[in-house]
Amino acid sequence: MGLLIGIGLALLVIVLVLTHIIVFIWCELKIFAHIMDRYGPIETGKFHGVLQPFADVLKLMNKEDTVPGASDRLIFKVAPFVVFVPAFMAIGAIPLSATLVVINLDIGAFYIIALSAFTFVGMIMAGWSSFNKYSLLGAFRAAGQLLSYELPFGLTIAGVAMMASSLNLITIVNKQVVPNAFIQPIGFLVFVIAAEAELSRSPFDIPHAESEIIAGYHIEYSGMRWALFYLAEYVSLIILCSMTALLFLGGFKGPILPPPVWFLLKVYVLFFILAWIRITFPRVRPDQLMDLGWKVLLPASLLNIVLTASIIILLPDIWPVALAVTEFTIVIATLIYLGRTRR
Amino acid sequence: MSEYLSAYLNVAMFAVVAFCFVAILLGVSAVVRPKKENPVKLEPYECGMVPFGGAWSQFNVRFYVFALLFLIFDVEIAFLYPWATVFRELGITSLIEMLVFIFILLLGLVYAWKKGVLKWV
Amino acid sequence: MEEIKHDEQLLQTDTMDLNIGPHHPATHGVLRIVATLDGERIIKAVPYIGYLHRGVEKLCEDLTYMQITPHFDRTDYVSNINNELSYVMAVEKLAEIKVPERAEFLRVIMLELNRILNHLIWVGSFANDVGLFGTAFMYSFRDRDLIQRVMERVTGARVHYHYLTYGGVREEVHDDFEADVKKLADWIPGRVDEYEMLLEDNEVFRARTIGVGVLDKEEAINYGCSGPFLRSTGVPIDLRKLEPYSVYPLFDFDIPVGKNGDAFDRFKVRMNEMRESAKIIKQAIEGLPGGPIRAKVPRKIRLPKGEVYIRTENTKGEFGVYLVSDGGEKPYRLKLRSPSYTNLMYGSRVVEGMVLPDVVAVLASVDIVLGCIDR
């Protein structure tokens, strides 16, 4: 019986997620187009090209799927599974409200980062098995990038867990009187940057940089297999937007409107900001990316943890205020310093 | 069955459903799509030229240094998580212990930095 | 503490030979670079050109002087009118034709509009190559379109204008021309500000371009580089000032130069050049004289025996035409000197030792058009 319910819930989630991905893709096409001063899809489906994502799926379905002759065929074919399945498994742990959650784990946050770390295994498999130099470069870049950014990503989540004394996502949300972003601005900024890098979206789209290594690790993929990489990327996008909303922006909490609406609203606003960033920033260089990750974000996230722990222990009564003041001071001082020393 | 276990059962079901979803997508596509292979099409893409040699050479990869460092810090995170949830009850002793722990790891990072291994190319 | 040197590494690794191009998103057409990679560092880069060779020079030997002009539109296909100028000036010099003043003014206006078109397309594709996908590119095409509309009304074409001819220009301008061009000249500096806002103030763009692809001044001169590529190193060489031709001496404009010779300076030089072009256009349209637009020249001419080399400041540098006439209706020999070619040769030397993303950024900052290199 539990088995059937589980399968039913999973199917429900897959339908929900696909719906949102379709909305995301269409929104992204339109946002990009309007920022670039053009219309974007306008014909498909009469109303502003709403059916464009469906048309894309049909086209991808019909595309010939080639497997390079010299490739490692088994690994080449398994890689899309390895990329997509863990990403989808992680999404079940995201709560839409205090009660609406499919997989309610005590270590929810940990579960999600553990599974999202899987993605890069699939990327290396894809890049290595393709027997293509560009995809090999892309795979190595993906490996370095995703590994490095896993650290600040995980450490900032630990910082949030310290404030809530729990890793359960619902508890974390319920304990936020003020959104955590206002108490831990350092943690919030590090988390958003690290999440962007984990997604490998511009300005961190190094593993599949079009103008350098053409398409990176999925250069040899076509048709439906390629679509799965694309799909997995959007699933990760949903996961990371949701995580940011849950951990730092008060998740499903908010006045008047019902919780799921608040949650989706926050996710969509974050998605819009990410799309905006994607279309206004050039791409950083791999070495700059590594420098940022190891020499800035990692120490910053450690500082965040140390500050949080010390202030909570030393000033148990007024810690939220004290922490917020300290962290905001540091952020503003850093920004002023950076502004002054700009070349 | 306990609530605790049923959550993990759901995890398993998610894996099964996701796997089947991918399999069905690829299966449907396999029925619909054309298949007209020829040797040139199956060559790896290298900007339209015939590739020089293969891609599987003993290439100078840089990420393994980062991977080694990552391992160390990831273990640190694994230690931090349980501590993060209970450190309030443990009080100031655990705080100092954790600060020492973080400091030692930070020393490692500084050493690696000075040694110049935190370089991508 | 000493750093670990590469050759001290215990694990010896192989280098990898990689084709970058001809069919690559960042090679602007069909340039092929065979790169030897060690990790992501390029230790050797050899450019292979000729994938777009159409034999223009040989072709011209079998065409009359009138028929040759449109071929110059198609060598460097984003600075068309500038190319035509070198050729028509060569013919005019051999045939000793005096060009009416109105024609000279119209030429200058169109030349400078064309220069702006070229720099706009450059900034778009440069932003694309450093990874800002699409935005600046779309903006540049939006702005290009407005300029092209005016040029289309004059010449009847949007890309291959074929506007100049020996003795003057081909078409009289339309009635609203002065108003249209004045509007453009006032509007262009604002647009340039917009690109600077989007790119120059962008922290990632600065990180990607400042200090990247620094050129050596002496080397660049020895290689024969010219145009904004050379001027970014601080050498104020511009043929419009150095060997004034047409009516350029009448106008007041500056030559923007860079300081460090990096990709960022090349960006700045081109942005400022657009502003200067707008300045020239404004002065030219205000002083536009009346009169004929073409000297009386027969359609089919025979040039006297002789040879001539004319060089003008193209959008990319010194574009030269070497014309030998044996007294017939067709040239005996026609040779082009392409600025893209020399600039690319130095550019591909500079990239050795850089990482792959920088190589793409530096090659994009050179501003090459393969149509002009391969001819």
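Please refer to the structure placed before this passage.
Attention here is on the structure that accompanies the text. In this text, all values refer to a predicted model and were calculated from it rather than measured experimentally. (Residues numbered from 1 in each chain as written. Chains lettered and ligands numbered in written order. Predicted model: local features only at pLDDT ≥ 70, side-chain atom pairs only at ≥ 80, totals over all residues.)

Taken together, the 63 residues of chain B in the interface contact 66 residues of chain A. Those elements giving two or more residues to the side of chain B that touches chain A turn out to be α1 (3-32), α2 (63-90) and α3 (92-115) of chain B. Ranked by residues supplied to the side of chain B that touches chain A, first place goes to α1(B) with 18 residues. Residues that form the side of chain B that touches chain A fall into these classes: 46 nonpolar, 6 polar and 11 charged. (Contact = placed C-beta atoms within 7 Å. Helix = DSSP H or I, 4+ residues; strand = E, 2+ residues; numbered from the N terminus. Nonpolar A, V, L, I, M, F, W, Y, C, P; charged D, E, K, R; others polar.)

All names here are of chain C. Across the sheet, 3 strands lie side by side as β6-β7-β8; this open sheet has antiparallel pairing. A single partner strand is all that each edge strand has here, and the edge strands are β6 (306-313) and β8 (333-337). Averaged over all pairs of adjacent strands, the angle between their axes in this sheet comes to 10 degrees, without regard to strand direction. Where β6 meets strand β7 (residues 318-325), 8 bridges bridge the pair, whose relative direction is antiparallel. (Pairing = 2+ DSSP bridges. Axes fitted to C-alpha atoms, helices over the stretch in contact; angles between N-to-C directions.)

Right, let's talk about the sheet that holds strand β3 (residues 41-48) of chain C for a bit. Residue and element names in this part refer to chain C. In spatial order, the strands read β1-β2-β3; together these 3 strands make up an open sheet with antiparallel pairing. Looking at which strands have only one partner, the edges of the open sheet turn out to be β1 (16-20) and β3. Strand-to-strand twist across the sheet, computed as the mean angle between neighbouring axes with direction ignored, equals 25 degrees. Two elements, β1 and strand β2 (residues 32-38), share 5 bridges in a ladder whose sense is antiparallel. Considered in β2, the bridge of Met16 is made with Leu37.

To continue, consider the interface of chain C and chain A. Between chain C and chain A, the residue contacts involve 30 residues of the former and 25 residues of the latter. For the side of chain C that touches chain A, the elements supplying multiple residues, two or more each, are β1, α4 (101-129), α5 (135-155), α7 (203-209) and α13 (356-366) of chain C. With 5 residues, the single largest contributor to the side of chain C that touches chain A is α7(C). A class-by-class count of the residues in the side of chain C that touches chain A yields 18 nonpolar, 6 polar and 6 charged.

Residues and elements named next belong to chain A. Positionally, Ile193 belongs in helix α9 (residues 185-198). By C-beta crowding, Ile193 is classed as buried, having 21 other C-beta atoms within 10 Å. Sequence separation between Ile193 and Pro203 is 10 residues, and the spatial gap between their C-alpha atoms is 9.9 Å. (Buried ≥ 20, exposed ≤ 12 C-beta atoms within 10 Å, placed from the backbone.)

Let us look at the packing of helix α1 (residues 2-35) of chain A against helix α11 (residues 223-248) of chain A. Residues and elements named next belong to chain A. The geometry of α1 relative to α11 is characterised by a closest axis approach of 10 Å and an angle of 95 degrees between their N-to-C directions. By the angle between their axes, α1 is roughly perpendicular relative to α11. Between α1 and α11, the contacting residues are Val17, His20, Ile21, Phe24 and Ile25 on the first element and Leu231, Tyr234, Val235, Leu237 and Ile238 on the second. A breakdown of the residues in the contact of α1 with α11 according to their chemical character gives 9 nonpolar, 1 polar and no charged. (Parallel < 35°, antiparallel > 145°, perpendicular 65-115°, else oblique.)

A general trend in soluble globular proteins is that nonpolar side chains are found buried together. Ranked by internal contacts, the top residues of the largest apolar core, which has 248 residues, are A:Phe84, A:Ala139, A:Val235, A:Ile239, C:Ile109 and C:Val362. Looking at this core element by element, the count peaks at 20 residues for helix α6 (residues 133-164) of chain A. Two domains share this core, each providing at least three of its residues, namely domain 1 (1-62) and domain 2 (70-341) of chain A. If sequence neighbours within four positions are ignored, A:Phe84 has contacts with A:Leu228, A:Leu231, A:Ala232, B:Ala18 and B:Val22. (Core = buried A, V, L, I, M, F, W, Y, C linked by C-beta atoms within 7 Å. Domains from an automatic or database assignment.)

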